[in-house]
Amino acid sequence: MKKPRKTHLTIHPFLFECVAFGLLLCFCIQTWVTFSGKPGVDFRYYYDAALSIRNHGSPYWDVANYIYPPPLSILMLPLSYLRPSEGYLLWAILLCLAYGYTVFRCGCVGRCSRE
Amino acid sequence: MGDSTLPGVRVYRLPLWLCGAVLAGVMFVPAHMAIHNGQVTPILCALLAFGMHRAPFTRGLCVGLVCAIKPTFAPLLPFVALAFGPYALLGGAIGTSAALFPPSWLMEYLLYAGDITSREFPRQTLIYYLGTPAALTFTTLLSLYFALFHRGKESTYVTLIAITTIGTALWWHSYLPLIIPIAYALGRWGAWADREAEEPSREMAM
């Protein structure tokens, strides 16, 4: 008879919280400390494009390096009412949530999928 | 995730596939780059993930919206439509039509797009090593194979995303959508491990 394969990790809640915090810290350090260069470089292009739209300009002729079709600049309009730093903070939180959702959903679908 | 109570000690039981997926997500370098720069790619990945395990129309709509926001995903749409049927094509067409408004800005973008395609991009990608025509040909042929001979499968959708990502990537952060097949594969492994784990108990029952 084969030995049952282990499919779950048993962990104490306090240890789980420590590990979760450690992973979050690791992610933040990797994202905002390890990489050189000013954070939010590409966000700034989207932000400027949205600002240009609010000022009845063109996101292509008024903004350098905005290389996307119009929908993205329109979607960024709400963030253009904030200061760039605040906008980037909110945008980064949104990106992290979206990324976490992606990982979780793809894993769950893989778990349920048979083909 | 569930919790089980051992004598006097409360613990969590976390599926190994979920632990692996979280670890992969945390360590995935293109994710750090994309979020550091404020790239829209994580949002697009979430849209593609939302389209998984959905009706063909919804799946096509999600892919179409992704293409409307970032045209480098455009090679994905026709093959998703081929693999998942006419409703996926309809959804994709509706999603992509978001890029048409307003028409004046679209015209400006199309005039500007010629300038973008003539730029040189750093050496990290298939396009750099093979050139754009060869990279797109590779993407097209491989996507065509999977779309034609493995139609309607979830694994096909994930494979098409991986092929399009590799074939059209221009920067390191462009590889972020590869987290989709990685997380999917870890989930599949989890399902397989659970089935394997059930076998000894079935043997005992017999």
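Details of the structure are given in the entry above.
Described in the following lines is the structure provided in the data block. Just so it is clear, the model here is predicted, and its values are computed rather than measured. (Residues numbered from 1 in each chain as written. Chains lettered and ligands numbered in written order. Predicted model: local features only at pLDDT ≥ 70, side-chain atom pairs only at ≥ 80, totals over all residues. Heavy atoms only, no water.)

Another aspect to go through is the overall build of chain A. Broken down by element type, chain A carries four helices and one strand. Each helix and strand of chain A, placed in order from N terminus to C terminus, yields the pattern β-α-α-α-α. In terms of its C-alpha atoms, chain A occupies a principal-axis envelope of roughly 75 × 35 × 25 Å. A burial count over chain A gives 38% of its 115 residues as buried. (Helix = DSSP H or I, 4+ residues; strand = E, 2+ residues; numbered from the N terminus. Buried < 20%, exposed > 50% of the residue type's maximum accessible area, 1.4 Å probe, protein only.)

As a further point, take the overall build of chain B. Across its full length, chain B carries eleven helices and two strands. In sequence order, the secondary structure elements of chain B are arranged as β-β-α-α-α-α-α-α-α-α-α-α-α. Taking all 206 residues of chain B together, the buried fraction comes to 49%. The long-range share in chain B, meaning contacts at least 24 apart out of those at least 6 apart in sequence, stands at 65%. Carbon and sulfur atoms provide 71% of the accessible area of chain B, an area that totals close to 9,600 Å². (Contact = heavy atoms within 4.5 Å. Areas by Shrake-Rupley, 256 points an atom, 1.4 Å probe, with all protein chains shown as cover.)

This part covers the nonpolar core. Ranked by size, the top nonpolar core spans 64 residues in total, and within it B:Leu48 and B:Ile180 carry the most contacts. In this structure, B:Ile180 is in contact with A:Thr102, A:Cys106, B:Cys45, B:Leu48, B:Met52, B:Val158 and B:Ile161, ignoring residues within four places of it in sequence. (Core = buried A, V, L, I, M, F, W, Y, C linked by side-chain atoms within 4.5 Å.)

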